Amino acid sequence: MQYDPKELDRKWQAEWAKKKPFAAKDNSERPKYYVLDMFPYPSGAGLHVGHPLGYIASDIVSRYKRLKGFNVLHPMGYDSFGLPAEQYAIQTGQHPAKTTEENIATYRRQMDSIGFSFDWDREVRTSDPSYYKWTQWIFLKLYDAWYCKNADAARPIERLVKEFEQHGNRDVNAHCDETPLFTAHEWNSWDGAKQQTVLLNYRIAYLSEAYVNWCPALGTVLANDEVKDGFSERGGHPVERKLMMQWSMRITAYAQRLLDGLDGLEWSESLKEQQRNWIGRSEGALLGFKVQGSRFKVDVFTTRPDTIFGVSFMVLAPEHELVSQITTATQKAEVEAYIAKAKARSDRDRMADVKTVSGAFTGAYAEHPFTGSPIPIWIGDYVLAGYGTGAVMSVPSGDQRDWNFATHFGLPIPSVIEGSELSKGANESKEGVLENSDFLNGLPVKEAIKRAIAKMEALGIGKGRINYRLRDAVFGRQRYWGEPIPIYYKDGIPYPVKEEHLPVTLPEIDEYLPTETGEPPLGRAKGWGYDPKLGVRNTQNEQKADTDKPRGFQFLLNFIVEKVRGFFVWLKGLFQPKNELFPFELSTMPGWAGSSWYFLRYMDPKNDGAFASKEAIDYWQNVDLYVGGSEHATGHLLYVRFWTKFLKDLGYLPFDEPAKKLVNQGMIQGVSDKAYRHHSRSETSGALIGREMELPIFLSFGDKRVYSILVSAELVHSMFGKGGIDVDNELIQSTPQNVPIDCVDKGLVNLEKLIADHSQFRDTIFLCSEGLWYQNTLLSNQDIQKHKLGWVDPEYRDEHGNSYYRSSSSATFTTIQEVEKMSKSKWNVVNPDDIISRYGADTLRLYEMFLGPLEDAKPWNTNGIEGTYRFLRKFWNLFHAGDAFSVSDDAPTKPELKALHATIKKVEDDIEKLSLNTSVSQFMICVNELTELKCNKRAILEPLTIVLSSFAPHICEELWQQLGHGESISFATYPKFEAAHLVEDSFSYPISFNGKTKLQLELSTSLSAAEVEAIVVAHPEVIKRLEGATPKKVIVVVKRIVNVVV
RNA sequence: GCGGAUGUGGUGGAAUUGGUAGACACGCCAGACUUAGGAUCUGGUGCCGUGAGGUGUGUGGGUUCGAGUCCCUCCAUCCGCACCA
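The paragraphs below set out a description of the structure included in this document. (Residues numbered from 1 in each chain as written. Chains lettered and ligands numbered in written order. Predicted model: local features only at pLDDT ≥ 70, side-chain atom pairs only at ≥ 80, totals over all residues. Heavy atoms only, no water.)

### Here's the deal with helix α1 (residues 5-19)
Move 1: Between its first and last C-alpha, α1 extends 21 Å over 15 residues, near the 21 Å set by a 1.5 Å rise per residue.
Move 2: Of the positions making up α1, those classed as buried are P5, L8, D9, W12 and W16. All buried residues of α1 fall inside an arc of 100° around its axis, so they share one side. Turned more than 90 degrees from where α1 packs its buried face, K6, A17 and K18 sit exposed.
Move 3: For α1, the elements touching its buried residues are α2 (52-67), α26 (832-839), α27 (841-850), α28 (865-878) and α32 (953-962).
Move 4: After α1 finishes, the residue K20 shows a positive phi value of roughly 50°. (Helix = DSSP H or I, 4+ residues; strand = E, 2+ residues; numbered from the N terminus. Expected span 1.5 Å × (residues − 1). Buried < 20%, exposed > 50% of the residue type's maximum accessible area, 1.4 Å probe, protein only. Arc of directions from axis to C-beta. Contact = heavy atoms within 4.5 Å.)

Here is the structure:
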């Protein structure tokens, strides 16, 4: 029997689907191990070869842990709410649920074809009402909670209400919005609406008016992590600041815990660093400066309170609320002009242009808190409204931006650190000793910071303060395809939907667009609302439902049930006031809502009474190994930690971190093929290109058509050199045009295939070494010269009606290769399906691992895949003589045992380190040795099959069966490593002279260092090399090396 | 600018953590079998040199009997953050 990977894939995937050997046990005596892959969003493009990299690694670990006796939870599901499906729905009218369903089917088929050992019975989808019921439930918990700083934990809101009723908010130490003090009496005198409004200041999920990232193109707000350089991460649309009423999450309450928690996690340093940067903790002081001649005070935050005597001016952000109130009449015009100018600049412009110093003087002065001397107050857009207090005390001697500002506007730069050289820039160093600083003089910086804060606190002018860059997370999205926020409004005040009425399911709507009045798409659901007694209602559907009549017995049953229920509703109605229908919140939750707790749902995915049972959570705990991309560093991975800590605070979880260990698989990049694009800006550019290329041609585009022109890379390189084109060259774009890789073979484009498969290239003129190629015809350079053609229009005919283009297929059009992100739009996607259909799933799995370290980014290159395929065939051949299965029961020899046990050990160590590329090498070494030894012994091959089975499960299941086992190899036990088999009697010592190896000596391993030395110095070859000299020293490391020092 | 990571043959990459640099694989070269081969098998393959030998892990220096590995300097590439007070 020949190795037939296709057949084995089919056979074993069907077998696994039927027998489910990978189902995790809910109750088990075995230790648990939870391996999780990051939730995929099922995009329409399907999986490319980069996606499974992490899945293969985690699958190997899962299968290995099962062999090691663990009860393994290795689930998979879909983060199935999201923008792309909705964008598609807007374009086509197709319900996003349908698109999502289709995409999931593709993902599932592809994942199955790779042979993953997922426990599919635990699959979850965020868009499934039985799932998002619990997302909504968690939202309600967040809504009904506040953050108590004394306990440093979230607490249910009822306790806060009780406190308000008894003592007002005087003693409440909460992480909340600024709330004026009120007494118990005041609280109790307020009506429900007023009380609710105040409570929103405390809730962890709260509604407030705030500046948000509004993306007009997507018609929704975005969280900070979804905005990159002023553009949306998805789609790259511009984002602007907008003041809006928004649901937000008080993640800032958790800033310190999110920071501290990082220390105990086995996550990559770069990932932890990204989270630290994002949280952005800085220590310093908050102090107030009185504005002279007014009742106002400007609060500033500074990390350098020691430099307080170096303050020579203050700067407020242009948006700062005090600006309009303190600006003097004479400065009013200038200040207003500056504010207008600052507003007109987009965030992106502002960021791009950090070098230009700009600002305006308000005319007002503040009072130095220690010296009382006047300090001019300026405004400037280098001060950000969103950070700290939106105002700074400027110390030009100690801060470069302040120095720039002072230098530009001619403000004084007093030195406060001894020996500062301030003519070229500020001294930002935290080393040095204070001067010109009153009570701080002579103190080193670190000491002075402490002293300054102490003094400020003593005088009541400031206090020590820790500031974070982290902002609260905007939670509402003005979109359809997400979880409805379970909130309804009564008189404009938000109230929570009752727990028993969850889930609030998505209503059907006619179009996935905002309403005419600008409300989110959910505003289109007419008659959709909440009845606090009956729950979610859709009055239009209720009427419509009568028309879809079931038949037969089912009809009769429904009829009776309906009548009975109707009777009770009627009865109930008699004793109750008429039900009201309240409008729901119209925004939906962001993509990260469902993914912030999904790892918990896998523990108990079908539970209808809780997000997961306590028993399941206590058994499975948190994730032991989490595998996914680093792009989630500041989004998903921060939010999931936040929700985990929150659920821990409320007593729902016994742990407060979602994943102990996390590995980022490196991105697999694509290798793109690119040609150069020529600008066909005008008729004359055709002439120009001809001249540049020393081709006597024009390209005329006529009046009606514009042809795109691609230039062969080879041609460009022959003209401009391999370095590519001068960026300033107007004729040929320096950003080349991608060509689909399936139409290119080793840099040579198959033009016929290209224009046949991709209609967008049909009207392209290809300029190559032979001439011009257009729609399967070639106008050769010779023809161009022969006919002395001044210009060439593909449509042109000579007097006989013949085109100058001749039919020809010989055109050498070449591309250059470039490594970049794999994406559909770049036409460089390699689909795993193609690899699998050629080599089978096991080869793909092995090859992806063999490519290099898991965490490194690497370009996909199919060149080496033959090697892994050959390896599998060699492995198969160990079990087969010709076509027949042939395994002997003879006792193994020492070298055979050595090869086996070296592999058992190496693979075990490697999997623990996730160094899977070296494991594959080890398998190859082992099989090479066994082939050399002609080993077909069961005692060797059987354990080896088990070891290999986590990497190449299909072939191993088959051979396991052929070896006579009735049960899946996943129930086998990982072979025990026996070190005795690796012990060698002798070792070939490298003998080096001054560290350079010169010869080898085979010596017994039982010899001591002294014995080895004696043999070495007496050896004729060594004596010869010493040429009579006595070695100064001989270093012997047993079983390693001998070094003779001369 | 700040922070993090990484630099090893023609290529992907290994190196027991200070002990024979280049394992394993691709590619390439030679040979065998073949009508043929982009199939299979065998051998070779860091570079220079016919050879002995020399040289070699981005650069330059240092520690050491011994450095790809540790320390310092510079250079390059990638990633993240970026007026954060």
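### Describing the packing of aromatic side chains
Move 1: Scanning the entire structure with this criterion turns up 63 aromatic pairs.
Move 2: For the pair F164 and Y202, a centre-to-centre distance of 5.3 Å together with 65° between the ring planes defines the contact as edge-to-face. Here F164 is found in helix α6 (residues 157-167), whereas its partner Y202 is found in the loop between α8 (192-200) and β6 (205-215), with 38 residues between them in sequence. Residues F164 and Y202 agree in their burial class; the two are buried.
Move 3: Plain terms: the ring middles of W378 and F405 are 5.6 Å apart, the flat faces sit at 85° to each other, and that makes the pair edge-to-face. With a gap of 27 residues between them, W378 in strand β15 (residues 374-379) and F405 in helix α14 (residues 400-409) connect regions that are remote in the sequence. Take W378 and F405: they sit in the same class, and that class is buried.
Move 4: Clustering of aromatic rings is evident, with ring pairs tying together F139, Y143, W247, F475, W592, Y639 and W643.
Move 5: The ring of W16 carries the charged tip of R63 above its face, separated from the ring centre by 4.8 Å.
Move 6: It is R641 that lies over the ring of W267; its NZ or CZ is 5.9 Å from the centre. (Phe/Tyr/Trp six-rings, centres within 6.5 Å; stacked < 30°, edge-to-face > 60°. Lys NZ or Arg CZ within 6 Å of the ring centre and 35° of its normal.)

### Description of the protein's contact with RNA strand B
Move 1: In the vicinity of RNA strand B, 44 residues are found, and the nearest of them are T303, Y387, R401, L851 and N1043.
Move 2: Sugar and phosphate atoms constitute 60% of the interface atoms of RNA strand B, taking the interface as everything within 4 Å of the protein.
Move 3: Interatomic distance of 3.2 Å between a side-chain N/O atom of T302 and a sugar or linking oxygen of RNA strand B.
Move 4: Residue N917 places a side-chain N or O atom 2.9 Å away from a phosphate oxygen belonging to RNA strand B.
Move 5: Elements supplying a minimum of two residues to the surface near RNA strand B: α10 (269-279), β12 (297-302), α28, α30 (916-932), β38 (986-993), β39 (996-1004), β40 (1033-1037) and β41 (1041-1045).
Move 6: In terms of residue count, the dominant contributor to the surface near RNA strand B is α30 (six residues).
Move 7: Residue classes in the surface near RNA strand B are distributed as 17 nonpolar, 16 polar and eleven charged. (Near = heavy atom within 4 Å. Polar contact = N/O pair within 3.5 Å; in protein donor to acceptor, adjacent residues only side chain to side chain. Nonpolar A, V, L, I, M, F, W, Y, C, P; charged D, E, K, R; others polar.)

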